Amino acid sequence: GHATSRPATPASSGLERDALRGLLHCPGLIDPWLESVEATAFTERAYREAYEALAAAGGPREAEAESTWLDRLLQQAADEDQARLFRALTVEPLPLLGGTDEDGAAERYVVSLLARLLDRDAAGRMDALAAQLSQPSAAASEQARRDLQQQYRAVADFRRQLLPLMTADELS
């Protein structure tokens, strides 16, 4: 995929870690966001594998307590390092204003992290498409060029839809 070409930077792995922490704090968001967030959005291997484990476990089932869900997730962890990461992220508080979850502030914060993760992933796709469009071979076929331009526009539209989700009332 396109994820391997981007090296993980401290900023990107920070976002990935925060997004994972957010999902652990608001596990009800896991299932609704599963289709949008692909594991390739995580460039750091440990975080990508942790997200894959989260996705495999899914969110809490109907009437399942969050503590029961967490036990189930920890049992499904690939190894002790992953289980340790899950436990560490679960006890770290989310950086919410006033430290309280007013009016779903925690969910809005986590959604903003997921949107930023998707936006970064989409930006990488746009770069890759732009690079393909600048290749001489792209000019050879009008249809291939139109397909690439269409994909580029679709990703750009997707990024515009993410914008309102990317703002949250966090501390920073």
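Residues numbered from 1 in each chain as written. Predicted model: local features only at pLDDT ≥ 70, side-chain atom pairs only at ≥ 80, totals over all residues. Heavy atoms only, no water.

1. Considerations on a negative patch on the surface
Next, step 1: There is a patch of like negative charges on the surface, built from D101, E102, D103 and E107.
Next, step 2: Mapped onto the secondary structure, D103 falls in the loop between α5 (80-91) and α6 (105-133). (Patch = residues over 30% accessible without salt bridge, like charges linked within 9 Å, V, L, I, M, F, W, Y side chains within 5 Å. Areas by Shrake-Rupley, 256 points an atom, 1.4 Å probe, with all protein chains shown as cover. Salt bridge = Lys/Arg side-chain N within 4 Å of Asp/Glu carboxyl O. Lys, Arg positive; Asp, Glu negative; His and termini not counted. Charge placed at Lys NZ, Arg CZ, Asp CG, Glu CD. Helix = DSSP H or I, 4+ residues; strand = E, 2+ residues; numbered from the N terminus.)

2. Concerning the nonpolar core
Next, step 1: One finds L20, L24, V37, L54, L73 and F86 to be the most contacted residues of the largest nonpolar core, which totals 42 residues.
Next, step 2: For this core, the elements supplying multiple residues, two or more each, are α1 (10-25), α2 (30-34), α3 (45-57), α4 (66-76), α5 and α6.
Next, step 3: Beyond its immediate chain neighbours, meaning those up to four positions away, L73 contacts L24, A53, L54, A57 and F86. (Core = buried A, V, L, I, M, F, W, Y, C linked by side-chain atoms within 4.5 Å. Buried < 20%, exposed > 50% of the residue type's maximum accessible area, 1.4 Å probe, protein only. Contact = heavy atoms within 4.5 Å.)

3. Quick word on the pattern of salt bridges
Next, step 1: With the rule as written, the count across this model stands at 13 salt bridges.
Next, step 2: For the salt bridge of E92 with R17, the shortest nitrogen-to-oxygen distance reads 2.8 Å. Of this pair, E92 sits in the loop between α5 and α6 while R17 sits in helix α1; the two residues are 75 residues apart in sequence, bridging distant segments of the chain.
Next, step 3: Under the relative-accessibility criterion, E92 is labelled partly exposed at 22%.
Next, step 4: Classification of R17 by relative accessible area gives partly exposed; the value is 24%.
Next, step 5: In this structure, E64 engages R72 in a salt bridge whose closest nitrogen and oxygen atoms are separated by 3.0 Å. Exposure class is identical for E64 and R72. Each is buried.

4. Remarks on the packing of α3 against α4
When two helices pack together, their arrangement is given by the angle between the helix axes and by the axis-to-axis distance.
Next, step 1: Interhelical geometry of α3 versus α4 gives an angle of 125 degrees and a closest axis separation of 10 Å. The orientation of α3 with respect to α4, classified from their angle, is oblique. Our pair here, α3 against α4, has a crossing hand that is right-handed. Residue-level contacts link A53, L54, A56 and A57 of α3 to W69, R72, L73 and Q76 of α4.
Next, step 2: When grouped by side-chain class, the residues that make up the contact of α3 with α4 number six nonpolar, one polar and one charged. (Axes fitted to C-alpha atoms, helices over the stretch in contact; angles between N-to-C directions. Parallel < 35°, antiparallel > 145°, perpendicular 65-115°, else oblique. Left-handed = near helix turned anticlockwise from the far one by under 90°. Nonpolar A, V, L, I, M, F, W, Y, C, P; charged D, E, K, R; others polar.)

5. Topic: α5
Next, step 1: The terminal C-alpha atoms of α5, which comprises twelve residues, lie 17 Å apart, in line with the 16 Å expected from a rise of 1.5 Å per residue.
Next, step 2: Regarding α5, the residues found buried are Q82, A83, L85, F86 and L89. Looking straight down α5, one finds its buried side chains confined to an arc of 155 degrees; they lie on one side. Of the residues in α5, the exposed ones pointing more than 90 degrees away from the buried face are D81 and V91.
Next, step 3: Regarding α5, its N-cap is D79, as a side-chain oxygen of that residue lies 3.2 Å from the backbone nitrogen of D81 further along. (Expected span 1.5 Å × (residues − 1). Arc of directions from axis to C-beta. Polar contact = N/O pair within 3.5 Å; in protein donor to acceptor, adjacent residues only side chain to side chain.)

6. A short note on unusual backbone geometry
Next, step 1: Not every positive phi belongs to a glycine, and A63 is a case in point at roughly 65 degrees.
Next, step 2: Mapped onto the elements, A63 comes out in the loop between α3 and α4.
Next, step 3: The exposure class of A63 is exposed, given its relative accessible area of 86%.

7. Notes on the confidence of the model for the chain
Next, step 1: When the pLDDT values of the chain are averaged, the result is 88; 87% of them are 70 or greater.
Next, step 2: Counting contacts from residues 1-7, a segment whose pLDDT is below 50, to residues more than four positions away or on other chains yields nine contacts. (pLDDT = per-residue confidence, 0-100.)

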